[in-house]
Amino acid sequence: MFMASELTLLFAGLAEALAVGGGFYEPVVVMPQWSARPPASFAIIQERTGVPLQRFWIPVHVLITVGLLGSLAANWKAPDRRWLILAALASYAVMRAWSFAYFIPEMLSFQKAALDAPSTPELLDRVRRWTRLTWFREP
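Throughout what follows, the structure given in this document is the object of discussion. (Residues numbered from 1 in each chain as written. Predicted model: local features only at pLDDT ≥ 70, side-chain atom pairs only at ≥ 80, totals over all residues. Heavy atoms only, no water.)

## Overview of the nonpolar core
In summary, soluble globular proteins display a tendency toward joint burial of nonpolar side chains.
And then number 1: In this structure, Trp34, Phe42, Ile45, Ile64, Phe110 and Trp130 are the most contacted members of the largest nonpolar core, which totals 26 residues.
And then number 2: If you tally residues by element for this core, the top one is helix H3 (residues 79-112), at 8 residues. (Core = buried A, V, L, I, M, F, W, Y, C linked by side-chain atoms within 4.5 Å. Buried < 20%, exposed > 50% of the residue type's maximum accessible area, 1.4 Å probe, protein only. Helix = DSSP H or I, 4+ residues; strand = E, 2+ residues; numbered from the N terminus.)

## A closer look at the packing of aromatic side chains
And then number 1: This structure, assessed with the given rule, holds 8 aromatic pairs.
And then number 2: Ring geometry for tryptophan 34 and phenylalanine 110: centres 5.4 Å apart, planes at 40°, overall tilted. In this pair, tryptophan 34 is assigned in helix H1 (residues 4-34) and phenylalanine 110 in helix H3, connecting sequence segments 76 residues apart.
And then number 3: Aromatic side chains phenylalanine 103 and tryptophan 130 sit 5.5 Å apart centroid to centroid with 80° between the ring planes, which places their arrangement in the edge-to-face category. One end of the pair, phenylalanine 103, is in helix H3; the other, tryptophan 130, is in helix H4 (residues 121-133), with 27 residues separating them in the sequence. The same class applies to phenylalanine 103 and to tryptophan 130, which are both buried.
And then number 4: Members of the aromatic cluster, each reached through a chain of ring pairs, are Trp34, Phe42, Trp98, Tyr102, Phe103, Phe110 and Trp130. (Phe/Tyr/Trp six-rings, centres within 6.5 Å; stacked < 30°, edge-to-face > 60°.)

## Quick notes on a nonpolar patch on the surface
And then number 1: Among the surface-exposed residues, Val20, Phe24, Tyr25, Val28, Val29, Trp98, Trp135 and Phe136 lie close enough to one another that they form a single nonpolar patch of about 790 Å² accessible area.
And then number 2: Ranked by the residues each element gives to the nonpolar patch, the list is headed by H1, at 5 residues.
And then number 3: Structurally, the position occupied by tyrosine 25 is in helix H1.
And then number 4: A relative accessible area of 49% places tyrosine 25 in the partly exposed class. (Patch = residues over 30% accessible without salt bridge, like charges linked within 9 Å, V, L, I, M, F, W, Y side chains within 5 Å. Areas by Shrake-Rupley, 256 points an atom, 1.4 Å probe, with all protein chains shown as cover. Salt bridge = Lys/Arg side-chain N within 4 Å of Asp/Glu carboxyl O.)

Structure, rendered in structure tokens:
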């Protein structure tokens, strides 16, 4: 029989597995499509015409946060687990801070761009930077 401490760890692990799966799917399948010919190709990530990225990522991050905090609470009296969970929580917080500081604002601007606007070197540089840096978020 599983104890609460083990169930919360399992829950957190499954939530993180969803994020890792999405983190591989999006750059391999979705990102090449929306970054192909900006801004016209941004149609795939825009609210009414594209893949609803927020519908996946917001619930997944809520699940991860609840899972990690629940795991920390349920495993607080187990020092070996507590320090590993704290390390995971700190790593996750750094990734989320980087996402909130750069990736989310950029993606929101891409999602709101006029599809019929001309492509500019500055926009192409922003897209290349975003697609290159996103590979470093998952680890």
